[in-house]
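Observations on the three-dimensional arrangement
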Amino acid sequence: MQLLLFEVEAYDLVFRRKFLSSELGQLYSTIPFRELADYFRAGLQRCPQGSKPIFTIEGGLGLMFLKHRSGLSDADLIERLNTDWYYQLFCGLAPKVHQGIKDDDIVGRWRRFFGERMDLGELQGRLAASWKADLVHPQVSMQDATVYESYIKFPTDVKLLWDCAQWVHSRIAHLCSRHHLRMPRSKYKNQKIKQISFSKKRRKTHKEERKRRAALLYLLAKLLRQLQAILNLGGQIIGGIRPGVFKRIKTVRTILQQQRYHYEQPAKSVPHRIVSLYKPYLRPIVRGKENKPVEFGAKAHQMQAGGCNFIEHLDFEAFHEGNRLKKAVWLHRQWFGPVRQLAADGIYANNRNRTWCREQGIATSFKPKGNQGADKQQKDTMRKTLSNLRATVLEGSFGNEKNHYLLRKVRARTQPTEIAWIFFGVHTANAVKIAKVRQAKIQQQHAMAQAA
């Protein structure tokens with residue numbers, strides 16, 4: 001029996017060495033799981049009742065990084081985890097004997113756990129401390145903003161009003177069926193037929209669209225009055241409704257007010273405009289791109305040091321990234337040391353930022369104003385180099401994250417989980433870069449040792 005245990009332990013040691021030498025193992029060694037888990041573990045009280053969790057906090061973090069590294073859905077990730085020992089080692093399961101995970105929502109629950117508790121600044125500070133020694137040219141700071149779009153259908157006023165009418169009607173039907181009440185009369189069925197006919201048209205005139213919006217505004221207002229009349233009955237009707245339903249009713253009322261104002265005053269903008277019933281925190285963010293003038297998602301202002309991106313500010317409301325330059329530089333100094341060169345596009349090049357960078361002794365990629373002095377050629381060369389780096393390395397990293405790390409469309413359903421999705425996507429891409437840098441250093445050391 002002792003010999004058998006020794007053979008199992010020896011096999012486990014060999015297998016772990018093989019795992020650490022693989023591409024997935026190299027990625028595993030770059031992520032500071034213990035430091036990240038200590039942040040989430042602080043103040044966490046575990047209930048003594050119930051079964052022991054399958055994953056530790058380190059294992060839950062491993063699940064998040066694995067998802068964005070593999071590009072799999074939650075269900076496919078669990079299926080792969082049940083059959084791949086490397087994935088199990090990455091999440092701290094192997095060599096434990098288990099019957100397989102049958103819960104497909106376990107990845108989503110861990111995402112909710114992290115999203116409700118994370119502080120981007122604190123977590124990124126721990127990652128920066130772990131990766132600082134591997135960064136090349138940390139004195140160069142590059143800044144830009146990008147939008148990580150949410151996975152929603154393209155919103156229009158007609159679609160939004162119809163979604164609200166559908167949801168309110170379904171609530172009325174559910175309450176009437178559950179409490180044996182008479183279904184109030186409305187023109188919902190007739191409007192449903194008209195909505196289907198309208199949606200099938202390839203070309204919709206402005207007059208048709210205005211007429212459809214007017215009908216839906218009237219229908220939605222009537223349905224809300226009917227729903228409120230049922231809720232006013234009180235008693236068991238109110239007691240059986242979840243709090244989330246009341247939040248959504250409040251959202252529908254806000255949408256109705258905004259759409260009425262927009263219908264009556266089409267030339268005026270609507271402040272804090274809601275574009276999705278199921279994600280009311282989203283806002284239209286005007287980017288001015290030729291193929292995509294408006295995007296719907298989280299706008300992130302990022303700074304790049306040594307090829308790794310860090311989120312300086314993330315918001316679902318539009319903001320001017322040019323006003324974030326000083327804060328990004330101070331954050332860079334806190335994590336990586338002094339900033340000597342800064343690369344950013346023209347939107348940052350206002351007089352206030354120019355003056356501040358000159359006072360701090362920071363060379364920028366901004367187009368110069370006035371006489372440059374005796375070192376004009378040297379400054380032009382530096383400026384051109386920084387501009388090329390920003391246009392290729394920084395902009396290219398955004399495309400790499402969106403194409404290969406599940407950030408093309410964020411499929412999370414709530415605001416905290418969207419933030420968690422973006423955080424793990426960005427830093428999975430960073431961890432892959434750091435793993436490649438460390439592997440290149442190891443190969444270079446082996447080559448130098450053999451040459452000696």
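Just above, that's the structure.
In this report, the structure presented in the accompanying data block is examined. Being a predicted model, the structure only gives us computed values, none of them experimental. (Residues numbered from 1 in each chain as written. Predicted model: local features only at pLDDT ≥ 70, side-chain atom pairs only at ≥ 80, totals over all residues. Heavy atoms only, no water.)

Now for the overall build of the chain. In terms of helices and strands, the chain carries 17 helices and six strands. Counting only residues that meet the buried cut, the chain has 44% of its 452 residues in that class. In the chain, the share of contacts with a sequence separation of at least 24, taken over all contacts with a separation of at least 6, comes to 70%. In the structure as shown, the chain presents an accessible area of about 25,500 Å², 53% of it carried by carbon and sulfur atoms. (Helix = DSSP H or I, 4+ residues; strand = E, 2+ residues; numbered from the N terminus. Buried < 20%, exposed > 50% of the residue type's maximum accessible area, 1.4 Å probe, protein only. Contact = heavy atoms within 4.5 Å. Areas by Shrake-Rupley, 256 points an atom, 1.4 Å probe, with all protein chains shown as cover.)

What follows deals with the pairing of strand β4 (residues 308-315). In terms of burial, β4 is largely enclosed, as six of its eight residues are buried. Pairing of strand β3 (residues 294-305) with β4 involves seven bridges; the strand directions are antiparallel. Opposite His301, over in β4, you have His313 as the bridge partner. Between β3 and β4, which pair antiparallel in sequence order, lie two residues; one of them, Gly306, sits at a positive phi of approximately 60 degrees. (Pairing = 2+ DSSP bridges.)

The next point concerns the layout of surface pockets. Taken as a whole, the largest pocket holds about 1,300 Å³ of empty space. Along its surface, the largest pocket is lined by 42 residues, and Tyr278, Lys279, Ala412, Arg413 and Thr414 are the ones closest to its centre. Its residues assigned to classes, the lining of the largest pocket comprises 15 nonpolar, nine polar and 18 charged. (1 Å grid on protein atoms, 1.4 Å probe; cavity = no way out; pocket = protein on both sides within 12 Å on 5 of 7 lines; lining within 4 Å. Points joined across faces, edges and corners; volume = space filled by probe spheres on them. Nonpolar A, V, L, I, M, F, W, Y, C, P; charged D, E, K, R; others polar.)

Here Asn309 is to be found in strand β4. A distance of 2.9 Å separates polar atoms of two side chains, one belonging to Asn309 and the other to Ser397. (Polar contact = N/O pair within 3.5 Å; in protein donor to acceptor, adjacent residues only side chain to side chain.)

On the surface, Arg182, Arg185, Lys187, Lys194, Lys207 and Lys211 cluster together into a positively charged patch. Here Lys211 is to be found in helix α11 (residues 206-231). (Patch = residues over 30% accessible without salt bridge, like charges linked within 9 Å, V, L, I, M, F, W, Y side chains within 5 Å. Salt bridge = Lys/Arg side-chain N within 4 Å of Asp/Glu carboxyl O. Lys, Arg positive; Asp, Glu negative; His and termini not counted. Charge placed at Lys NZ, Arg CZ, Asp CG, Glu CD.)

Scanning the model with the defined rule gives 23 aromatic pairs in all. For the ring pair Tyr28 and Phe90, a centre distance of 5.4 Å and an interplane angle of 70 degrees mean the geometry is edge-to-face. With a gap of 62 residues between them, Tyr28 in helix α2 (residues 23-30) and Phe90 in helix α6 (residues 85-90) connect regions that are remote in the sequence. Note on Phe33 and Phe65: the rings are 6.2 Å apart at their centroids and 90 degrees apart in plane angle, and the pair reads as edge-to-face. Placement of Phe33 in helix α3 (residues 33-41) and of Phe65 in helix α4 (residues 57-70) is noted, with a sequence separation of 32 residues between them. (Phe/Tyr/Trp six-rings, centres within 6.5 Å; stacked < 30°, edge-to-face > 60°.)

Now for the pattern of salt bridges. Using the criterion set out here, one finds 29 salt bridges in the structure. Close ionic contact of Arg390 with Asp144 constitutes a salt bridge, the shortest N to O distance being 3.4 Å. Here Asp144 lies in strand β1 (residues 140-149) and Arg390 lies in helix α16 (residues 376-404), a separation of 246 residues in the sequence. Of the two residues, Arg390 and Asp144, neither departs from the other in class, the shared state being buried. Several salt bridges converge on common partners, so that one network encompasses Asp103, Asp105, Arg109 and Arg112.

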